[in-house]
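Architecture and fold: a report
If you want the building blocks of each chain, they are given just below.
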Amino acid sequence: MAEFDLIVIGAGPGGYVCAIRAAQLGLKVAVAEGSETLGGTCLNVGCIPSKALLHATHSLREAEENFAKMGLSVKPKVDWAGMRGYKDEVIGQNTSGIEFLFKKNKITWLKGWAEIVAAGQVRVGEETHQAKSIVIASGSEPSTLPGVEVDEKVIVTSTGALALAKIPATLAVIGAGVIGLELGSVYARLGSKVTVIEYLDTITPGMDAEIARTLQRLLKRQGIDFTLGAAVQGASVKGGKATLSYKLRKDDSEHEITADCVLVATGRRPVTAGVAAGPLGLKLTERGQIETDAGFATNIPGVYAIGDVREGPMLAHKASDEGVALAEILAGHKAAVNYDLIPSVIYTTPEVASVGKTQEALKAEGRAYKTGKFNFMGNGRAKAMFAGDGFVKILADKETDRILGCHIIGPSAGELIHEVCVAMEFGAAAEDIARTCHAHPTVSEAVREAAMACGDGPIHA
Ligand code: NAI
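First, a word on what this report is: a plain description of the structure on this page. (Residues numbered from 1 in each chain as written. Predicted model: local features only at pLDDT ≥ 70, side-chain atom pairs only at ≥ 80, totals over all residues. Heavy atoms only, no water.)

Turning next to helix α3 (residues 47-66). Its 20 residues give α3 an end-to-end C-alpha distance of 27 Å, which sits within 8% of 28 Å, the value for a rise of 1.5 Å per residue. Taken residue by residue, α3 has P49, S50, A52, L53, L54, A56, T57, L60, R61, A63 and N66 as its buried positions. Those residues of α3 that are buried lie in contact with α2 (40-45), α4 (80-104) and α6 (178-189). (Helix = DSSP H or I, 4+ residues; strand = E, 2+ residues; numbered from the N terminus. Expected span 1.5 Å × (residues − 1). Buried < 20%, exposed > 50% of the residue type's maximum accessible area, 1.4 Å probe, protein only. Contact = heavy atoms within 4.5 Å.)

Listed below in structure tokens is the structure:
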């Protein structure tokens, strides 16, 4: 029986980051992972492969729509098998990178599915291992809808959508959340006729409403259709095609749509089954997440949970930050995650990024705030890249000018947001960003101008 300071269950961005940080701090660490490769959903069937396909198809759109405008004549032709090959290569580079980091940090990979059999004991296959601390980082899986049976061929989750044998002529997407819009964009760019069916009356629930409206308008311009306020009732497959039935909430009228492929993108649920033996009584919340305290401890002594299995947004970077904080706590340090400053990004074109409070949340709180907005159309660099659609919006306290939130739709939004995250982490005022010299010409200047708009006003508007 091997003995470790820490056994982490799951090698996704929560688990592998926790393991590496703990090893850096001198702990003897093992990670149990049953999949053939390390990296979890994010690296194998999530963030990384979807970004590879988004990059490839964005390049295709650039070639089709913007190259001629720049005096470049190219006729791109899609080799779908080649594109999937590129995606698989990117996955391989990333997962083998984690294997290299495990070796470098002397982390033992326990290959197999793990079960906590008693406090301090983890069974993987036939062997039981001893650990002072155990971290559950088993992640999440796509949740499905009643009446919609996933076969990963015609009716698919994000996993199947990343590996379709051929590009569907028609694609129906259930759910206008992050996955629906990102993968819907991939196939729309590849020529599929994409229809997104969403239960709510707006896309991307929880997002700043002005950004959501702008994103919907721009995606519609790219050929994606939206049916909002529609509750999907069920789906059936016949002759390789799916028929999806839905009810419009406003009048209860019933409708059907047929498609070569249906993507179910209605959220994810935590994976907890089989992780801890029944008699241990691992406590779950009503939503099926593992109940933890502020220090990530579960009700079983010495057992902790991080990432998608516990509360909070199901985001890789939130899981990684929890992994780092927990590793540091287990090594005797003080650490915490600032949940008020977790950015979120949607990798559509244009990208969307946000951090902090939305205007709607501030209104609901009755907080006095001011808005500084700047359109990318006023940014020289963005215009040169045919990326003038969108804007930066900074929300600041009306009295103190302290930044409360930032919402960006436009080029490189997912990179730009971090300037504001750092500023907010330091409790900055909008004027602090406005008075910081920004290189010209960069799209970052749009962030500075939005900060200026919280004060006397931007220069280029
Ligand atoms: P989501 O929670 O973002 O969106 C699901 C959507 O489906 C919601 O708009 C919801 O109203 C709708 N819906 C639910 N039931 C429905 C029904 N019966 N009929 C029609 N619409 C229905 O979930 P999604 O997109 O599946 O993503 C799962 C998780 O993965 C999220 O937490 C997301 O943040 C994360 N993720 C993050 C990415 C990123 O950071 N770029 C990329 C992909 C996923």
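Moving on from the coordinates now.
Glancing now at the sheet that holds strand β18 (residues 344-346). Overall, antiparallel pairing links the five strands, which are arranged β18-β19-β22-β21-β20 in an open sheet. Strands with a single pairing partner mark the edges of an open sheet, and in this sheet they are β18 and β20 (369-375). With strand direction ignored, the average angle separating the axes of adjacent strands in the sheet is 10°. Sheet contacts for helix α13 (residues 445-453): β20, β21 (391-397) and β22 (403-410); angle to β20, the most-contacted strand, approximately 145°. (Pairing = 2+ DSSP bridges. Axes fitted to C-alpha atoms, helices over the stretch in contact; angles between N-to-C directions.)

Near the ligand lie 22 residues; those nearest to it are I179, E198, Y199, G267 and V345. A distance of 3.3 Å separates a nitrogen atom of the ligand from a polar atom in the backbone of V232. Backbone polar atom of V345 to a nitrogen atom of the ligand: 2.8 Å apart, as the coordinates give it. With the chains in place, 79% of the 850 Å² that the ligand exposes on its own is no longer accessible. Broken down by secondary-structure element, the contributors of at least two residues to the shell around the ligand are α6 and β12 (230-238). Class assignment of the residues belonging to the shell around the ligand gives a composition of 15 nonpolar, four polar and three charged. (Near = heavy atom within 4 Å. Polar contact = N/O pair within 3.5 Å; in protein donor to acceptor, adjacent residues only side chain to side chain. Areas by Shrake-Rupley, 256 points an atom, 1.4 Å probe, with all protein chains shown as cover. Nonpolar A, V, L, I, M, F, W, Y, C, P; charged D, E, K, R; others polar.)

Judged by nonpolar contacts, the single largest core of 37 residues is most densely connected at Y187, V194, L215 and L263. Residue assignment for this core shows that the elements contributing at least two residues are α3, α4, β9 (170-174), α6, β10 (193-197), α7 (209-221) and β15 (261-264). Ignoring anything within four residues of it in the chain, the contact list for Y187 reads W80, A161, L164, I167, P168, L171, S192 and V194. Within the second largest apolar cluster, 31 residues are counted, among which are F374, I408, L416 and M452. (Core = buried A, V, L, I, M, F, W, Y, C linked by side-chain atoms within 4.5 Å.)

Before going further, it helps to spend a moment on the packing of aromatic side chains. Under the defined criterion, the tally for this structure stands at one aromatic pair. Here the basic side chain of R249 rests over the ring of Y199, its NZ or CZ set 4.5 Å away from the ring centre. Positioned above the aromatic ring of F391 is the side chain of K373, whose terminal nitrogen or guanidinium carbon lies 4.4 Å from the ring centre. (Phe/Tyr/Trp six-rings, centres within 6.5 Å; stacked < 30°, edge-to-face > 60°. Lys NZ or Arg CZ within 6 Å of the ring centre and 35° of its normal.)

The geometry of α3 relative to α4 is characterised by a closest axis approach of 9 Å and an angle of 140° between their N-to-C directions. Classified by the angle their axes make, α3 and α4 are oblique. As α3 packs across α4, the resulting crossing turns out to be right-handed. The residues of α4 that touch α3, namely those facing I48, P49, A52, L53, H55, A56 and T57, are W80, M83, Y86, K87, V90, I91 and N94. (Parallel < 35°, antiparallel > 145°, perpendicular 65-115°, else oblique. Left-handed = near helix turned anticlockwise from the far one by under 90°.)

The analysis is restricted to geometry; functional conclusions fall outside its scope.
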